[in-house]
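Structural characterization, general
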Amino acid sequence: MLVNDSDFDSLVPGLPLSRRTFVGASLATGFALAVRPVQGQSVIQTSATGLAAGDISIKAPDGVSVRAYWVQPSGKGPFPTVLVISEIFGLHEYIRDTCRRLARQGYQAIAPNLFQRQGDPATVGSVAEILSTIVSRVPDGQVMTDLDACASWAVANGGDSARLAITGFCWGGRITWLYAAHNPKLRAAVAWYGRLTGVPTDATPKHPSDLVSQMHAPVLGLYGAKDQGIPVSDVEDMRQDMARVGKRAELVIYPEAGHAFHADYRPSYRAEDAIDGWARMLAWFRENGV
């Protein structure tokens with residue numbers, strides 16, 4: 001996959017490096033450079049104490065045991081379930097912590113490793129290589145059926161079948177939109193800076209803008225006006241298209257935010273916007289019965 005500058009820039013905002021410098025340095029220092037917090041930045045840490053949590057495996061329709069992180073409040077349930085979809089960096093600590101934050105709010109949260117068939121982003125030295133060797137090879141259809149398997153597992157393990165939601169970040173934000181068009185049982189979706197348009201490929205034949213009329217669940221979209229990879233015009237077009245076909249959506253644009261403003265481990269983090277978006281997400285879930 002050819003990685004253009006806007007794709008790259010949207011994924012590594014705030015780093016004082018050119019693309020060439022970043023790629024060269026990353027090859028030497030590995031994944032840590034791609035995700036490390038800036039000096040002095042606090043990283044949110046949510047304890048699992050008092051929660052039920054662990055690494056699990058969920059059998060997908062193709063027979064693969066998809067690894068996932070699972071957490072829920074202690075007790076019997078059933079609990080409303082949120083599927084949590086990662087950025088291109090995969091199932092690392094930030095995503096696990098996000099799951100624990102949701103569990104503290106009364107949710108069962110499941111974050112599957114949707115890249116495991118194609119590779120491990122933690123072992124790849126640069127963002128460009130992650131995109132070209134792993135992310136571009138992950139078929140949307142495979143992701144949808146993996147998420148269906150997670151939803152089924154949830155029901156059998158303390159989740160409420162009538163209260164299913166999804167949220168995702170960056171790559172996972174786009175997947176969130178797609179799943180809202182895929183699963184008629186989904187009650188709510190919250191997409192954090194997920195790409196809305198794109199060039200069709202064999203792995204990604206359609207994008208959210210192509211699926212407006214097929215949306216089953218109401219979608220909250222959270223975007224930054226300064227995102228170098230997702231133009232505000234795309235967000236406004238999606239807002240109008242959803243309204244035109246009578247689909248419920250709320251799209252919020254934070255004027256000073258760029259990409260990945262919720263990612264507290266990255267220089268792009270904006271605490272005020274992240275806190276506001278989190279509150280909007282929880283309200284959206286509750287308004288829609290999750």
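Further up the page is the structure itself.
What counts, and where the lines are drawn
Residues numbered from 1 in each chain as written. Predicted model: local features only at pLDDT ≥ 70, side-chain atom pairs only at ≥ 80, totals over all residues. Heavy atoms only, no water. Helix = DSSP H or I, 4+ residues; strand = E, 2+ residues; numbered from the N terminus. Buried < 20%, exposed > 50% of the residue type's maximum accessible area, 1.4 Å probe, protein only. Contact = heavy atoms within 4.5 Å. Areas by Shrake-Rupley, 256 points an atom, 1.4 Å probe, with all protein chains shown as cover. Phe/Tyr/Trp six-rings, centres within 6.5 Å; stacked < 30°, edge-to-face > 60°. Core = buried A, V, L, I, M, F, W, Y, C linked by side-chain atoms within 4.5 Å. Salt bridge = Lys/Arg side-chain N within 4 Å of Asp/Glu carboxyl O.

**A short note on the overall build of the protein chain**
- From N to C terminus, the protein chain includes nine helices and eight strands.
- Per-residue burial over the protein chain gives 55% buried out of 290 residues.
- Taking the contacts inside the protein chain whose residues are at least 6 apart along the sequence as the reference set, 74% of them involve residues at least 24 apart.
- Here the protein chain displays about 11,900 Å² of accessible surface, and carbon together with sulfur accounts for 52% of that area.

**Let's talk about the packing of aromatic side chains**
- Applying the stated criterion to the full structure yields eleven aromatic pairs.
- Ring plane angle 75° and centroid distance 6.1 Å describe the contact between Trp70 and Trp153, whose orientation is recorded as edge-to-face. Placement of the pair is Trp70 in strand β2 (residues 65–73) and Trp153 in helix α6 (residues 140–156), with a sequence separation of 83 residues. Residue Trp70 shares its accessibility class with Trp153, and that shared class is buried.
- Ring geometry for Phe115 versus Trp171: centroids 4.6 Å apart, planes at 55°, classification tilted.

**A look at the side chain of Asp97**
- Within the element layout of this structure, Asp97 appears in helix α4 (residues 93–104).
- Accessibility expressed as a relative area gives 2% for Asp97, which makes it buried.
- Ignoring sequence-local partners within four residues, the contact set of Asp97 consists of Ile44, Gln45 and Thr46.

**Brief notes about the nonpolar core**
- Within the largest apolar cluster, 85 residues are counted, with the highest numbers of intra-cluster contacts made by Leu102, Leu147, Trp171, Trp177, Tyr193 and Phe285.
- Here this core takes eight residues from α6, the largest share from any one element.
- Among residues more than four places away in sequence, those in contact with Trp177 are Ala191, Leu196, Pro208, Met215, Val219, Tyr223, Met238, Met242 and Leu251.

**Details of the pattern of salt bridges**
- This model, assessed by the stated rule, comprises 17 salt bridges.
- With its nearest N and O atoms 2.7 Å apart, the salt bridge here joins Arg101 to Asp97. Residue Arg101 and its partner Asp97 are both found in helix α4; the two are separated by four residues, about one turn of the helix. The same class applies to Arg101 as to Asp97, namely buried.
- Across the salt bridge formed by Glu256 and Lys226, the nearest N and O atoms sit 2.6 Å from each other.

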